[in-house]
Amino acid sequence: MKFLNFAENQTDPFLHLSLSDLAETLSHLESEVQFAFHSYYRPAEQLITVSHYWNDIFDGTQFDGMKSDIYLRALGNVHYTNFKEVDRYLSSIKQQSHPLFRKQLFALLEDMRLEQICMSIRPGMSAAFDTRRTLFQKRFRGRLEVHNRQNQLLDALFCAIYLQAIGKPVALGNELAEYKPYLRHLIIEISKASSTKDVATLTSAFCQELNDEHFDMTTEYLTMYGTSANSNANVEDEEARQLKSDDTMETSDKEDKETYDEEMNTWHEEQEQEGSNFLQFDLEEGAKSDLIGEGERKEESGDQAFVSVQGASKQSEGSQFDEEAILESRDTKAVASSQDPLGEANRNVKEVIRHAEKPTSEELSNYRTAKADIQYAEKSLRAAIQKTIEQKQIAPRSDLHFGRLNRKILRLLTDENPRLFYKKNAPSTELDVTFSLLVDCSASMYDKMEETRLGITLFHETLKGLNIKHSITGFYEDAFDADDQEQPNTLFQIVDYNRSTQAHEGAKIMQLEPEEDNRDGYAIRKVAQELAERNEKHKILLVFTDGEPSAYDYSENGIIDTHEAVMQTRKKGFEVIGVFLSNGEPQEKEKNTMRNIYGTQSLVIPSANEIPAYLTPLLKRLLLRFV
């Protein structure tokens, strides 16, 4: 079981699923979508990434920005970028001056060409690209001022090129004034470019005019990959050299800055910028940090290693990477198919069936105590249901306002308020409904299991008293034996349908204990298969849980997989209700998680000792519907 961490910054898994579906629709490929520092497309892996930049946009335009990344990569790069030309260009700049600027400008111009293609093919994409340009205009204008202050000329020139391209030109300083005619020519010609080769030619022609005395760019805004999975023309092979430390930077600032009230031991170029620094730390510490701040940073030798692990839903040792990246992994898709009826995320699950044993004398004694605790709630609930059944049986069967139309239609003319209908048969004394109760037996239930067993006792005794067939099943995964090839998942059958109304079966509930992990999507699909074999007209599945699904190589993919399992079960005509057991007053994120998985059919119980109080009205509402 994964506890909900309310301080973590997670990407919504359903947002990720929407972006993945959009990417596959546009690319016509089984593309994998991940979140990364930059947006790019890797053809060797059919990998599409969405930039983390959009995660920091909170004005309601975040989704449009993410969609624009998908449009450029899934429609633009996949169908209209010639990656042989990309390979050729990236290879050609290795030995030339200003390689990072050449690569950045090539990626920028190619994106601009693809943007026009996307909007011409699908005009509906224009809104997302308009949002992208508006946000990037603010971003590049702000960065331009920073680069000018720090005398980073080619960084400033790159920002100016983008602003000129979107029709928001800026004044170039004296040191960049010589590039004005070349810049105007570049913008005119890029609108005429019809291929990746044309973009490479334009980029090379512009870069031939660069002053060799200028230093190369220090900031990487974009990236571009060729057909090779490791084709980064600007980063050396990590195996060919060791990471070097550049900690030779100055560590003090002799200027008196009123904005600092205490010594700042960490030096960074951005801190040369005067201004308000009150409680604002956007920058990575030290000279060789892989931690990403809000702004862009210099390209570093550790970047490729960081990219290779970002988004992987694998176990890792040592430094644990951001869970937001783990969420985005598509190593296992969460959607079931005909080839994987239990979900592709569960294709390596090994089913283990465990049956409850004959209750011991201690379990029988504990169950008698539990029955006594819930006796009042159980009897009042059962009495309310039986009373409703009896009232329907003795209710008049003729002269009704609704039902079947009888033959005495003359009363339509003679009576002021005619009763022309009747009901044919009296209702049955038995309810045509069956229940299945799934119980999360993960380790995190250790402090709730006693109260949970009390609620399950109420569930069992009420249904048994009404002669309603039902089943109770605990589920958990063996975390110690799970690996890439096999994940043992146990379905602990406490009470089965055929024996559920017999005496002394309830004492087996006392055998439910907290175990290890939980793979909710798998358990829901298995129990749904059993429900499908039942003959009752109405079928209801209740899932008792205390947190997000968590199992081997499941992680946050489990949220999507469980949601898919719930949707597939409901499509069969079964009701699925999630019952969340909280520790104290439920947080908003707990409620959102349950809504994301179960929709509106979920119940959040503030604490385990309130289970009977919350479960009683739930059962009453469900049963009265079928009387």
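Use the structure listed above.
Residues numbered from 1 in each chain as written. Predicted model: local features only at pLDDT ≥ 70, side-chain atom pairs only at ≥ 80, totals over all residues. Heavy atoms only, no water.

Draft legend 1. Summary view of unusual backbone geometry. In this model, H28 sits at a positive phi of 60°, which is unusual for a non-glycine residue. In this structure, H28 sits in the loop between helix 1 (13–27) and strand 1 (32–36). By relative accessible area, H28 is classed as exposed at 65%. One non-glycine residue with positive phi stands out, namely D553, at about 55°. Within the fold, D553 resides in the loop between strand 10 (538–545) and helix 15 (557–571). (Helix = DSSP H or I, 4+ residues; strand = E, 2+ residues; numbered from the N terminus. Buried < 20%, exposed > 50% of the residue type's maximum accessible area, 1.4 Å probe, protein only.)

Draft legend 2. Representation of the sheet that holds strand 7 (residues 433–440). The 7 strands are arranged 4-9-8-7-10-11-12 in an open sheet whose pairing can be described as mixed. Taken across any chain shown, the strands that pair with only one partner, and hence form the sheet edges, are strand 4 (349–355) and strand 12 (602–605). Across the sheet, the mean angle from the axis of one strand to that of its neighbour is 20°, orientation sign disregarded. In this structure, strand 10 lies alongside strand 11 (residues 575–581), joined through 6 bridges in parallel fashion. In the strand pairing of strand 11, V543 is matched with G578. Taken strand by strand, helix 13 (residues 449–465) contacts strand 7, strand 8 (470–477), strand 9 (487–495), strand 10 and strand 11, and its axis lies near 155° from that of strand 8. Strands strand 7, strand 10, strand 11 and strand 12 of the sheet are contacted by helix 17 (residues 611–624), whose axis makes an angle of about 165° with strand 10. (Pairing = 2+ DSSP bridges. Axes fitted to C-alpha atoms, helices over the stretch in contact; angles between N-to-C directions. Contact = heavy atoms within 4.5 Å.)

Draft legend 3. Quick look at the sheet that holds strand 1. One open sheet accounts for 3 strands, arranged 1-3-2; its pairing is mixed. Only two strands of the sheet have a single partner each, and these edge strands are strand 1 and strand 2 (41–42). As defined by bridge partners, strand 2 adjoins strand 3 (residues 47–51) across 2 bridges and the pair is classed as antiparallel. For R42, the partnering residue across the bridge sits in strand 3 and is L47. Contacting strand 1 and strand 3, helix 1 crosses the sheet at an angle of about 130° to strand 1. Set on the sheet, helix 2 (residues 62–80) makes contact with strand 1, strand 2 and strand 3; between it and strand 3 the angle comes to about 150°.

Draft legend 4. Focus on helix 7 (residues 180–190). Where helix 7 is concerned, the buried positions are L183, L186, I187 and I190. Down the axis of helix 7, the smallest arc covering the buried residues is 95°, so these residues share one side. Where the residues of helix 7 are buried, they touch helix 4 (99–121), helix 6 (153–165) and helix 8 (196–207). (Arc of directions from axis to C-beta.)

Draft legend 5. Structural context of the packing of helix 13 against helix 17. Direction vectors running N to C along helix 13 and helix 17 enclose 30°, while the axes themselves pass 9 Å from each other. In terms of orientation, helix 13 and helix 17 fall into the roughly parallel class. The two elements helix 13 and helix 17 meet at a crossing, and its hand is right-handed. Contacts from E451, T452, L454, G455, L458, F459, T462 and L463 in helix 13 reach I611, P612, L615, T616, L619 and L623 in helix 17. When grouped by side-chain class, the residues that make up the contact of helix 13 with helix 17 number 9 nonpolar, 4 polar and 1 charged. (Parallel < 35°, antiparallel > 145°, perpendicular 65-115°, else oblique. Left-handed = near helix turned anticlockwise from the far one by under 90°. Nonpolar A, V, L, I, M, F, W, Y, C, P; charged D, E, K, R; others polar.)

Draft legend 6. Main features of the pattern of salt bridges. Taken as a whole and assessed by the stated rule, the structure comprises 23 salt bridges. Two residues, E477 and R519, come together in a salt bridge whose shortest N-O distance is 2.7 Å. Here the residue E477 occupies a position in strand 8, and R519 occupies one in the loop between strand 9 and helix 14 (520–532), the gap between them amounting to 42 residues. A single burial state applies to E477 and to R519, both of which are buried. Here R625 and E575 are joined by a salt bridge, their closest N and O atoms 2.5 Å apart. (Salt bridge = Lys/Arg side-chain N within 4 Å of Asp/Glu carboxyl O.)

Draft legend 7. Fine view of empty space enclosed by the protein. Using the criterion set out here, one finds 6 cavities of 30 Å³ or more in the structure. Of the voids in this model, the second largest cavity is the one considered here, and its volume is about 90 Å³. Every residue along the wall of the second largest cavity is listed here: L72, L108, D111, M112, E115, R132, F136, F140, Y162 and L222. For the lining of the second largest cavity, the secondary structure elements donating two or more residues are helix 4 and helix 5 (126–149). The element that contributes the greatest number of residues to the lining of the second largest cavity is helix 4, accounting for 4 residues. When the residues that make up the lining of the second largest cavity are grouped by side-chain class, the tally is 7 nonpolar, no polar and 3 charged. (1 Å grid on protein atoms, 1.4 Å probe; cavity = no way out; pocket = protein on both sides within 12 Å on 5 of 7 lines; lining within 4 Å. Points joined across faces, edges and corners; volume = space filled by probe spheres on them.)

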